[in-house]
Amino acid sequence: MTVTLLVNGAEHRIDVPADLTLLFILRNELNLTGTKYGCGEGQCGACTVLLDGKPIRSCRTSVAAAAGKKITTIEGLEQNGRLHSVQQAFLDAEAFQCGYCTSGMILSSVALLNSNPNPREEDIIRFMNGNVCRCGTYPRIIAAVQQAAKRQG
Amino acid sequence: MREEPIRESVLEDQQHQAIRRLAHGFELERRDFVKLLGGGVLVCLCASSGLAQESGAARRADSAEKLPDSIAAWLHVAEDGAVTAYTGKVEMGQNIRTSLTQQVAEELRVPVSSIQLVMGDTDLTPFDMGTFGSRTTPTMGLQLRRVAATARAALIAMAAERWKTDAATLVAADGKIADPKTGRAVAYGELTKGQKLVQVIAENPLLTPAQDWKIAGAAVAKIDGRDFVTGRHQYTSDMTRPGMLHGKVLRPTAFHAKLAALDSSQAEKMPGVKLVRDGDFVGVTAPDEYTAERAVASMRAQWDAPQQPSEAELFEYLRKNSKHEDGAQHVSGSIQRGLAIADKTLSQTYTVSYIAHVPLEPRAALAEWGGGKLTVWTGTQRPFAVRDELAQTLHIPTGQVRVLVPDTGSAYGGKHTGDAAVEAARLAKASGKPVRVVWTRTEELTWAYLRPAGVIEVRSGVRNDGTIVAWEFDNYNSGPAAIGTPYNIPNQRIEFHPSDSPLRQGSYRGLAAPANHFARETHMDELAHAVAMDPLEFRLKNLTDARLRAVFEAAAHKFGWGQQKSSPTRGLGIAGGVEKGGYVATCAEVELDPATGEVNIRRVVEAFECGAVVNPDGLRNQVSGCIVQAIGGALFEAIHFANGRILNPRLAEYRVPRFGDLPQIEVEILNRKDLPSAGAGETPFAGLAPAVGNAIFSATGMRLRSLPLAPNGLPQNHKEGQ
Ligand code: FES
Ligand code: FES
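On a predicted model such as this, the values are computed, not experimentally measured, just so you know. (Residues numbered from 1 in each chain as written. Chains lettered and ligands numbered in written order. Predicted model: local features only at pLDDT ≥ 70, side-chain atom pairs only at ≥ 80, totals over all residues. Heavy atoms only, no water.)

Trainee: Give a detailed account of the overall build of chain A, specifying residues and quantitative values.
Mentor: Along chain A, the regular secondary structure elements total six helices and five strands. Along the first, second and third principal axes, the C-alpha set of chain A runs to 45 × 30 × 25 Å. Counting only residues that meet the buried cut, chain A has 58% of its 153 residues in that class. Long-range contacts, defined here as pairs at least 24 residues apart, represent 56% of the contacts in chain A between residues at least 6 apart. (Helix = DSSP H or I, 4+ residues; strand = E, 2+ residues; numbered from the N terminus. Buried < 20%, exposed > 50% of the residue type's maximum accessible area, 1.4 Å probe, protein only. Contact = heavy atoms within 4.5 Å.)

Trainee: So what's going on with the side chain of His246 of chain B? Which residues, and what values?
Mentor: Among the secondary structure elements, His246 of chain B is positioned in strand β7 (residues 245-249). Take His246 of chain B: its relative accessible area is 6%, and that puts it in the buried class. When sequence neighbours within four positions are dropped, the list of residues in contact with His246 of chain B reads Asn28 of chain A together with Val284, Thr285, Ala286, Pro287, Asp288, Glu289, Ala292, Val435 and Arg436 of chain B.

Trainee: I'd love a proper account of empty space enclosed by the protein, names of residues and values included.
Mentor: All names here are of chain B. With the rule as written, the count across this model stands at eight cavities of 30 Å³ or more. Put simply, the largest cavity is a space of about 590 Å³. Gln94, Ile96, Gln622, Ala680 and Gly681 are, among the 40 residues lining the largest cavity, the residues nearest its centre. Put simply, the parts of the chain that give the lining of the largest cavity at least two residues each are α5 (96-108), α6 (136-163) and α19 (616-636). The element best represented in the lining of the largest cavity is α19, accounting for three residues. (1 Å grid on protein atoms, 1.4 Å probe; cavity = no way out; pocket = protein on both sides within 12 Å on 5 of 7 lines; lining within 4 Å. Points joined across faces, edges and corners; volume = space filled by probe spheres on them.)

Trainee: Outline the domain arrangement of chain A, supporting the account with residue identities and numerical values.
Mentor: Residues and elements named next belong to chain A. On domain assignment, one finds that chain A holds domain 1 (2-73) and domain 2 (85-152). The distance between the C-alpha centroids of domain 1 and domain 2 comes to 21 Å. Tallying the contact residues gives 15 residues for domain 1 and 11 residues for domain 2. Buried area between domain 1 and domain 2, both sides added, is near 990 Å², and the carbon and sulfur share of it is 57%. For the pair domain 1 and domain 2, the interface holds zero salt bridges. Listed by contribution, the elements that provide at least two residues to the side of domain 1 that touches domain 2 are β3 (48-51) and β4 (54-57). Here the side of domain 1 that touches domain 2 takes three residues from β3, the largest share from any one element. Here the residues of the side of domain 1 that touches domain 2 are counted per class, giving six nonpolar, seven polar and two charged. (Domains from an automatic or database assignment. Buried area = accessible area lost by both parts, 1.4 Å probe. Salt bridge = Lys/Arg side-chain N within 4 Å of Asp/Glu carboxyl O. Nonpolar A, V, L, I, M, F, W, Y, C, P; charged D, E, K, R; others polar.)

Trainee: How would you sum up the packing of aromatic side chains? Please name residues and give values.
Mentor: Taken as a whole and judged by the stated rule, the model has 12 aromatic pairs over all chains. Taken together, a centroid distance of 5.1 Å and an interplanar angle of 80 degrees make the contact between Phe255 of chain B and Trp447 of chain B edge-to-face. Taken as a pair, Phe255 of chain B in the loop between β7 and β8 (258-263) and Trp447 of chain B in helix α15 (residues 441-447) lie far apart in primary sequence, 192 residues in all. Since its relative accessible area comes to 9%, Phe255 of chain B is described here as buried. Taken together, the ring pairs connect Phe96 and Tyr100 of chain A together with Phe228 and Tyr235 of chain B into an aromatic cluster. The ring of Trp439 of chain B is capped by Arg363 of chain B, whose NZ or CZ atom sits 5.5 Å from the centre of that ring. The ring of Phe697 of chain B has Arg703 of chain B sitting right over it, with the charged end atom 3.9 Å from the ring centre. (Phe/Tyr/Trp six-rings, centres within 6.5 Å; stacked < 30°, edge-to-face > 60°. Lys NZ or Arg CZ within 6 Å of the ring centre and 35° of its normal.)

Okay, here's the thing in structure tokens:
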């Protein structure tokens, strides 16, 4: 089937089997490899992207379900060479080690701050529990989200 | 009589070497290679390499390679002043790209931004055994400092020569040599004109002492950190090459299975799919990953698997199949005499489960044949060993294999082997195109190797005043790292018994240190209670090692040890030890829900000392990351298996620590600028599990002697002594 995907403000028309995952299309067809595969089960959050501003697991979302909606990937956050405040906060707090979870963490954080500009630590923990950082950088990620909240506020 | 201490490093290295290869056993045909490599002379390896590979005894060409002693192999200054440094180490999140660059910058007196560090490229970087064992900071850091210091001296000498002046009066700073007397200065690049510095690395170059460090020792922001927050960094699994195909391997239904029958007709009909069969190895290549997956899924295969041990009989099996190994025993004094003068004796058994590394980036490799070479990009901790593995399994000379390691999505000891690399290379050979293989999470949890399971038996004797007089420690299969005791015990017998592991096993962050610390520090706690002493006081009574005492005292102080009391819902525990030059002490506070049996770690205070600190911020991140990761193995991580099959090969079934498991973590770093720097990626891991177990005991009186401690909450109906 032919679907139209709106990714980071650009429109893509692609002809693919409808059951393909959004993750697959992003990485393989659109070359947006910042979105990562970590489990394919919806368990790790490495593949998180925003669909109309809501965080979703792109490994468990079919292209058909994403068609026509606004998709934001990690590549779409930077504007004119300026990092998004959450990206900047992750960088400043050095909230990563190997960095493989980072795209998903940043997008989940962006979504959290969109819905709750002043999250308490418990809010962050609850909202982000589906994102795994195997390197265990959680304390710094929490700090980064709080920093970004301050900066946005 | 006194024997030599156990040669841990040798034993560990044997273990590294012995990680079982996946039994692909390629047959391959020689003429294919001549074609692929573009002709020329081909020297085939002797036939016995196939045998060695089957038996798991990898070739030891490794250690035979000598480190180059000329600066040129390690460092290059271009005409425009750009510095390139080379190391066989690889970056997997330990932040060594940054910390090693800092050390080069410090000694060469150039800004961090002018240095490019080439890592883990078997064609460009000097030989390296691998990035493991916390050896990067002590060994590679020092090596690069020596290289850079020698280069600095050489550059000063060149400037002195040019100006016909005394070298001792010149100073190197900010990429230039300056003469303070006359005010002239010359840039490094202008001196070298891009030529190689061929000086031999000095034995004892003038190294900058840690107290004077300006760049090393400072919190420098992660190099290329921006690429990680923008998604721009290319891990192996993100890389592509022109014309690249995607590879998938058909996995057997059980370990050690043989392929009895295969119907691949469906797959072969799919457009663009190519089937590759070589012995029991079956794989496909396809233009995209989706098609490759579908092709493999469409195959009907029949596998014959032998009967294999299951989890229920594991610990008995490990004990029964263990061997005595020379050099694996340490004896001092006499256990018999020790036990005879003890007021109390204690004998207990501790066990640890198999656990998985679960690196968030699964194994991945991209292989390409051409230009007279096989080139493979892959995330491995041992690029040179993987190069050798490729040469062996594909029957080509080592010189025709190049392995490059892009900065990798973590490893934790789990990426020593070249599994995906070998598969990609085999498939690329058959298809004549570059091929990328990326493992699924289920493949990772099933076919990668695991942290060894083990049984540890401890028998000890203590006097009523708290003096330990006898210590017997037998470790079956889990490994010899940190097997010795740091406490002063006159009568000891400590032995590591290698065994026949039912599952594929290998290195894991800290190797056996977490297991041995768990057994030892739990047993120490049991002894303290046996003589009714405070666990910290009991440890200090038997401890003279000043560095270990210092971390115990620092952790206890920060935690407020002795000032709070445990209750049935709140437990406090302490544990510590020394390994690989790092000293760790951990205090844990746990919260228990007696109704549900749920265990929550509320607070962890860890004191850590590893000599002079190179990058304090990076170090804290490492220590805190170790603590978080250790929570999994302490409380709930375990691989379940039966008869050659993994029973929980999905992330939904294998629980890893998440945000919700996070305690409040306080890290106290003791910076000993007077002592050489040791690595920090592993030892901070070791204190957590016993501290948590001891905390659970302090609240409930329940002594848990198996890791994980509480996979489904606290065991109900637990009786002391079970
Ligand atoms: S890859 Fe989608 S949740 Fe793990
Ligand atoms: S930084 Fe490695 S998984 Fe999060």
